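# Observations on the three-dimensional arrangement
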Amino acid sequence: MEFNTVLDISSIIWDEKDYNSHTDEYYKLVFAVSTLLEKFEKEKPKILLRKELQEEMVFHFPFDKLPDKFYEFGNIVYLFLGNVGSNFITYPDNILPNIISIPNQIKAHYNDKTKSEVNYLISKIHSDGESYNVYFSFKYLYGGNDKLKTEVKDEYREYDTIISDNGNELDEFFAKFKPAFEHYSKHDKTLYNTKEKWEESDDKDGVVTRLSCYNNVDNIEPQRILESRYPKKLGEYYYSYDTVNEVYVVFRFTRLNIYHGYDENNLNKIPNEVRKHFNK
């Protein structure tokens, strides 16, 4: 299952008056926001973000107001905003009449352009009944336990809401989307499914290949190779490269987020973008 990220914009565009009055809370927020953005950098989820909203976040992030010890935090924010790239999903400048959000996402300290951009964002998620949109915020900024809601003319929609600094909530959410390896016995290592046997075969497509990285004991190495995969799923497959055994590994979807794996000796079956990624 895939999801679209909806970020609490006030985690980047701070209320400066509130920051000056509750500086200790923002010290905590610095760590929490950094953790979330680094998680996004690692997991690369799709993010609902217009270029115009991205620019508002860049221009109005209070970098010049922060103490010197927040310098690294500023770099993390700018790196995230600069590297969103192909992971962002844009949407039109359309505001649904009388749309409201609960809690209110249109913060009083935003300028008019930012308010419009946030209205475009909540209008997008309210009108999109097909995508799985997930809202990410923080305890101090969100100030509640209920899910984010939007309303237009008594029609409510609610969205899974992840309070990123609430215990293990963030890690537990992403764990649900993490592909997991499960060995399939037909890819056990035998005397008959080596690369040499595959090369000798007259029916190479009919050979069931081994999974060389599997030690018949645990899933540690196959899972590591799965996690170092080419990031884009191609059909039912993820592709990775086993540097120890010098072979491409194909991970095939079986159910939920479970994948089994096998060596792919035929380089012609490895997509060019994968070979370019691993430079093999």
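Only a predicted model underlies this, so the values are computations on that prediction, with no experimental measurement involved.

### So, a nonpolar patch on the surface
Taken together, the side chains of Ile100, Ile102 and Tyr156 make up a nonpolar region of the molecular surface, amounting to roughly 280 Å² of accessible area. The topology assignment puts Ile100 in strand 4 (residues 100–102).

### Some thoughts on unusual backbone geometry
The step from Ile102 to Pro103 runs through a cis peptide bond, and the omega angle for that step is -5°. Mapping Pro103 onto the fold places it in the loop between strand 4 and helix 5 (112–127). For Asp154, which is not a glycine, the phi torsion comes out positive at approximately 70°. Note on placement: Asp154 falls in the loop between strand 6 (148–152) and strand 7 (155–163). Taking relative accessible area as the criterion, Asp154 reaches 67% and is therefore assigned exposed.

### A word on the packing of helix 3 (residues 51–60) against helix 5
One can describe the packing of helix 3 onto helix 5 by two numbers: an axis separation of 10 Å at closest approach and a directional angle of 140°. Accordingly, the angle class assigned to the pair helix 3 and helix 5 is oblique. Two packed elements cross with a definite hand, and for helix 3 against helix 5 that hand is left-handed. Counting all contacts with helix 3, which are made through Glu52, Leu53, Glu56 and His60, the residues of helix 5 involved are Lys113, Thr114, Glu117 and Leu121. Residue classes in the contact of helix 3 with helix 5 are distributed as two nonpolar, two polar and four charged.

### Comments concerning helix 3
Along helix 3, the residues that are buried comprise Leu53, Gln54, Glu56 and Met57. All buried residues of helix 3 fall inside an arc of 160° around its axis, so they share one side. In helix 3, the exposed positions that point more than 90 degrees away from the buried face belong to Lys51 and Phe59. Looking at the packing, one finds that the buried side of helix 3 touches strand 1 (4–7), helix 4 (71–83) and helix 5.

### Quick word on the nonpolar core
The biggest cluster of nonpolar side chains holds 55 residues, and the ones touching the most others in it are Ile12, Phe40, Met57 and Phe136. Element by element, the count of residues in this core is highest for helix 2 (residues 23–43), at eight residues. Ile12 has contacts with Leu7, Val33, Leu37, Met57, His60, Phe61, Pro62, Val77 and Leu81, leaving out every residue within four places of it along the chain.

### Re the pairing of strand 10 (residues 247–255)
Bridge count between strand 9 (residues 237–242) and strand 10: six bridges; the pairing is antiparallel. Bridged to Tyr238 within strand 10 is Phe251. Linkage of strand 9 to strand 10, two consecutive antiparallel strands, is achieved through a turn of four residues, within which Glu246 is found at a positive phi near 55°. Across seven bridges, the pairing between strand 10 and strand 11 (residues 258–264) is antiparallel. What sits directly across from Arg252, in strand 11, is His260.

### Some thoughts on the side chain of Ser164
Within the secondary structure, Ser164 sits in the loop between strand 7 and helix 7 (169–175). With near-sequence residues (within four places) excluded, Ser164 lies in contact with Leu36, Phe136, Ser137, Phe138 and Leu170.

### Some points on the pairing of strand 11
Successive side chains on a regular strand alternate, one facing one side of the sheet and the next facing the other. In terms of residue burial, strand 11 counts as a mostly covered element, since seven of its seven residues are buried. Here two bridges tie strand 8 (residues 180–181) to strand 11, and the two strands are oriented parallel to one another. In the sheet register, Phe181 faces strand 11, and the bridge partner there is Tyr259. The loop that links strand 10 with its antiparallel partner strand 11 comprises two residues; one of these, Leu256, has a positive phi angle of about 45°.

### Considering helix 4
With 13 residues, helix 4 should cover 18 Å at 1.5 Å per step; its first-to-last C-alpha distance of 18 Å lies within 8% of that length. Where helix 4 is buried, its residues contact strand 1, helix 2, strand 2 (46–48) and helix 3. Phi for Gly85, located one or two positions after helix 4, is positive at around 50°.

### Quick notes on the pattern of salt bridges
A side chain of one charge can pair with a side chain of the opposite charge if their charged atoms are brought near each other. This structure, assessed with the given rule, holds twelve salt bridges. Of the charged contacts in the structure, one is a salt bridge between Arg50 and Glu117, with a shortest N-O distance of 2.8 Å. Taken as a pair, Arg50 in the loop between strand 2 and helix 3 and Glu117 in helix 5 lie far apart in primary sequence, 67 residues in all. For Glu117, a relative accessible area of 3% translates into the label buried. Among the ionic pairs, Glu158 bridges to Lys149, the shortest N-O distance being 4.0 Å. Its relative accessible area of 47% is what places Glu158 among the partly exposed residues.

Quick notes on the rules
Residue positions are counted from 1 within each chain, in the order its sequence is given. A pLDDT threshold of at least 70 governs which residues receive local features in this predicted model, and a stricter bar of 80 or more applies before side-chain atom pairs are shown or counted, although totals over entire chains, interfaces and linings include all residues. Note: side-chain values were computed over all heavy atoms of the structure, leaving out hydrogens and water. Patches draw on residues past 30% relative accessible area with no salt bridge. Two like charges within 9 Å are joined, as are two nonpolar side chains (Val, Leu, Ile, Met, Phe, Trp, Tyr) within 5 Å. Using a 1.4 Å probe, the Shrake-Rupley method yields the accessible areas, and only the shown protein chains count as cover for residues. By definition here, a salt bridge exists when the distance from a side-chain nitrogen of Lys or Arg to a carboxyl oxygen of Asp or Glu is within 4 Å. Under the DSSP-based scheme used, a helix requires at least four consecutive residues in state H or I and a strand at least two consecutive residues in state E, with every element numbered from the N terminus. The classification of residues rests on relative accessible area computed with a 1.4 Å probe and restricted to protein chains. Under 20% of the type maximum is buried, over 50% is exposed, and intermediate values are partly exposed. With axes taken as lines fitted to C-alpha atoms, and helix axes fitted only over the stretch in contact, angles between N-to-C directions fall between 0 and 180 degrees. Reported orientations rely on four angle classes, namely roughly parallel under 35 degrees, roughly antiparallel over 145, roughly perpendicular from 65 to 115, and oblique for the rest. Crossings are assigned a handedness: left-handed for a near helix turned anticlockwise from the far helix by less than a right angle, right-handed for a clockwise turn. In this description, contact between two residues means that some pair of their heavy atoms is separated by no more than 4.5 Å. Classification used: nonpolar for Ala, Val, Leu, Ile, Met, Phe, Trp, Tyr, Cys and Pro, charged for Asp, Glu, Lys and Arg, polar for all others including Gly. The reported arc concerns the directions from the helix axis to the C-beta atoms and nothing else. Buried Ala, Val, Leu, Ile, Met, Phe, Trp, Tyr and Cys residues that are joined via side-chain atoms within 4.5 Å together make up what is termed a nonpolar core. Strand pairing is defined by DSSP finding a minimum of two bridges between the two strands. By this rule, a helix spans an expected 1.5 Å times one less than how many residues it contains.

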